[in-house]
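# Geometric and topological summary
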Amino acid sequence: MDQPRPVVTRFAPSPTGFLHLGHAYAALVAHDEARRAGGRFLLRIEDIDVGRCRPEFERAIIEDLQWLGLEWDGPMQRQSQNQMGYARALQELARLDVVYPCFCTRKEIREELKRSHAAPHGLDGMIYPGTCRVLGREVWRARLDAGEPHALRLDSFRAIAFAESERGGPFTWHDRHAGNVTCDPSPLGDVVLARKDVPNSYHLSVTVDDALQGVTLVTRGKDLFSATHIHRLLQALLGYEAPDYYHHKLITNEHGERLSKRDEAMTLRQMRAAGVTPDDIRETLGLVQA
Ligand code: GLU
């Protein structure tokens, strides 16, 4: 029988703002899960969105985590340092013929969705209607040759069909609360794998990095539950082992809304300045020390 893999978790913040109570919850859960299992806890800075990431936020993340009393194992990683890894994965997906160029602007996508009366879905509120998927190779080639700006999208139907026939599907993934979940990429559809402005995307980089860093337990908020279908599909296509998942609750403000950059009073710096201690934070979040 296979030996169980040692537990490896990660906290993967984007340095686009100060950490708030919701981030503290995510970081503490990842840390405590690793420590309880005698495993490893990693810190990965998700800084592919060059336009929005700032070094001062990265410095603040490190300071806030140290203040919380969290120590990570090994050196902190930055996604901006793994462009080669994402490029290789993208090349492999292109070789499998499950990727196509998309020339649409957000405005065009919105208008197309309005015309087709599609209900808004997806991570950023819309499922791509497949406009460029149906253009066909000749048109793709001509528009690429003309230098038109384009993103690369996963052809999710083709990808799941290919994975199931060639990679021994159907595929499932396991979530601590939801149990075994059958992989179904349709809730997010043809997601972007490489943006027009950045040669990768959240879905691609997070899947590649979790595999490369040997993460065995992905802990993150419930808001990313449907993204896991896409990540599981990418794992199947790229031959990665699937980690276990724990999509945890989201911390909300007094109006029951998920915390965001607007909830300034909930940033760890503000709380610290107001005299709150790391123990108070754990108590507020209902997390006992691992
Ligand atoms: N960087 C993502 C965020 O800040 C986390 C992604 C993940 O945990 O998969 O929301």
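Heads up: the structure comes first, above all this text.
### Focus: the site of the ligand
In the vicinity of the ligand, the residues found are Arg 10, Ala 12, Ser 14, Glu 46, Tyr 202, Val 206, Arg 220 and Leu 224. Notes on the ligand: free accessible area 300 Å², of which the protein chains cover 77%. Here the residues of the shell around the ligand sort into four nonpolar, one polar and three charged.

### What about the side chain of Asp 209?
Tracing the sequence through the fold places Asp 209 in helix α7 (residues 202-212). Among all residues touching Asp 209, those that are not within four sequence positions of it are Arg 44, Gln 79, Asn 82 and Tyr 86.

### So, the packing of aromatic side chains
For the structure on display, the rule yields four aromatic pairs. Note on Phe 18 and Phe 57: the rings are 5.1 Å apart at their centroids and 85° apart in plane angle, and the pair reads as edge-to-face. A residue pair is termed long-range when its members are at least 10 positions apart, and Phe 18 in the loop between β1 (8-11) and α1 (21-36) and Phe 57 in helix α2 (residues 55-68) qualify at 39 residues. A residue is classified by how much of its surface remains accessible, and Phe 18, at 36% relative accessible area, is partly exposed. Three or more aromatic residues joined by ring pairs make a cluster, and in this case those are Trp 173, Phe 225 and Tyr 245. Just above the ring of Tyr 246 sits the side chain of Arg 176; from NZ or CZ to the centre is 4.6 Å.

### As for the sheet that holds strand β4 (residues 99-102)
What the three strands build is an open sheet, ordered β4-β5-β8; its pairing is antiparallel. Unpaired on one side and paired on the other, β4 and β8 (192-194) mark the two borders of the sheet. On average, adjacent strands in this sheet sit at an angle of 45° to one another, irrespective of strand direction. Pairing of β4 with strand β5 (residues 151-154), which is carried by four bridges, proceeds in the antiparallel orientation. Considered in β5, the bridge of Tyr 100 is made with Arg 153.

### Quick notes on unusual backbone geometry
The step from Gly 169 to Pro 170 runs through a cis peptide bond, and the omega angle for that step is 0°. Tracing the backbone shows Pro 170 in the loop between α6 (156-166) and β6 (172-175). Positive phi values are uncommon outside glycine, yet Asp 97 reaches one of about 65°. Along the chain, the position of Asp 97 falls in the loop between α3 (83-95) and β4. Take Asp 97: its relative accessible area is 24%, and that puts it in the partly exposed class.

### As for the side chain of Asn 82
Along the chain, Asn 82 falls in the loop between β3 (77-78) and α3. What makes Asn 82 buried here is its relative accessible area of 16%. Ignoring any residue separated from it by four or fewer positions in sequence, one finds Asn 82 in contact with Val 208, Asp 209 and Leu 212.

Conventions we followed
Residues numbered from 1 in each chain as written. Predicted model: local features only at pLDDT ≥ 70, side-chain atom pairs only at ≥ 80, totals over all residues. Heavy atoms only, no water. Near = heavy atom within 4 Å. Areas by Shrake-Rupley, 256 points an atom, 1.4 Å probe, with all protein chains shown as cover. Nonpolar A, V, L, I, M, F, W, Y, C, P; charged D, E, K, R; others polar. Helix = DSSP H or I, 4+ residues; strand = E, 2+ residues; numbered from the N terminus. Contact = heavy atoms within 4.5 Å. Phe/Tyr/Trp six-rings, centres within 6.5 Å; stacked < 30°, edge-to-face > 60°. Buried < 20%, exposed > 50% of the residue type's maximum accessible area, 1.4 Å probe, protein only. Lys NZ or Arg CZ within 6 Å of the ring centre and 35° of its normal. Pairing = 2+ DSSP bridges. Axes fitted to C-alpha atoms, helices over the stretch in contact; angles between N-to-C directions.

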